[in-house]
Amino acid sequence: PSAAAGLVAEGGAANVQPKANEARVPDLHRLPMRTARDHLAAVGLELKASGSGVGVVQGPLAGAIVRKGTVVHVTFRRLSESAEAKRPVVQAAVEL
């Protein structure tokens, strides 16, 4: 089944393996921008970054299976600007 915006399966389906034209979105939380870009490029995905510092929010979420070439949006913040001890809770709106 195909879905909108390149999304094929959400992260809850960790046992589903990506097809040849798909990739699993890596967890970019707390990674510097250059490292995040490298992780995405390694699996055929692109980065759309905002801010600077380390990754604090991303979409599609880590673990989602998407089509290769999909743009992953990541918000970066300096550690001093973010809640260092807590990982942000991000929820994605999904239309059924």
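Residues numbered from 1 in each chain as written. Predicted model: local features only at pLDDT ≥ 70, side-chain atom pairs only at ≥ 80, totals over all residues. Heavy atoms only, no water.

What about the sheet that holds strand S3 (residues 46-51)?
The condition is simple: At least two DSSP bridges between two strands are needed for those strands to be called paired. Starting at the N terminus, helices and strands are each numbered in turn, a helix being any DSSP run of H or I of at least four residues and a strand any DSSP run of E of at least two. What counts as an axis is a line fitted to C-alpha atoms, over the stretch in contact for a helix, and the angles between N-to-C directions run from 0 to 180 degrees. We call two residues in contact when some of their heavy atoms are within 4.5 Å.
What the three strands build is an open sheet, ordered S3-S6-S4; its pairing is mixed. Of all the strands in the sheet, just S3 and strand S4 (54-59) have a single pairing partner and so form its edges. Averaged over neighbouring strand pairs, the angle between their axes works out to 30° when direction is ignored. Both S3 and strand S6 (residues 71-77) contribute to a ladder of six bridges, which runs parallel. Bridge assignment links Ser50 to a residue of S6, and that residue is Thr75. Contacts between helix H1 (residues 33-42) and the sheet are confined to S3 and S6, with S3 contributing the most and set at about 160° to the helix.

Details of the confidence of the model for the protein chain
Predicted coordinates in regions of low pLDDT should not be interpreted in detail. This is how the line gets drawn: Known as pLDDT, the predictor's per-residue confidence is scaled from 0 to 100.
Of all residues in the protein chain, 69% have pLDDT values of 70 or greater, and the mean over the chain is 82. Low confidence marks residues 1-5, where pLDDT is under 50. Its contacts with residues over four positions away, or in another chain, come to three contacts.

Observations regarding unusual backbone geometry
Spelled out, the test is: Burial classes follow relative accessibility: with a 1.4 Å probe on protein chains only, a residue under 20% of its type's maximum area counts as buried, one over 50% as exposed, and anything between as partly exposed.
The peptide bond linking Gly59 to Pro60 adopts the cis configuration, its omega dihedral lying at 0°. Structurally, the position occupied by Pro60 is in the loop between S4 and strand S5 (65-67). Unusually for a residue other than glycine, Arg30 sits at a positive phi of about 70°. The residue Arg30 is located in the loop between strand S2 (22-24) and H1 in this model. On the basis of relative accessibility, which here comes to 37%, the residue Arg30 falls in the partly exposed class.

Digging into the nonpolar core
For clarity, the threshold we go by: Throughout this description, the term nonpolar core refers to a set of buried Ala, Val, Leu, Ile, Met, Phe, Trp, Tyr and Cys residues connected via side-chain atoms within 4.5 Å.
Judged by nonpolar contacts, the single largest core of 13 residues is most densely connected at Val25, Leu28, Leu40, Leu45, Val72 and Val74. Breaking this core down by element, the ones donating at least two residues are H1 and S6. Among the elements that line this core, the one with the most residues is S6, at three residues. Not counting the four nearest positions on each side in its chain, Val25 is found in contact with Leu45, Gln58, Pro60, Leu61, Ala62, Gly63, Ala64, Val66 and Val72.

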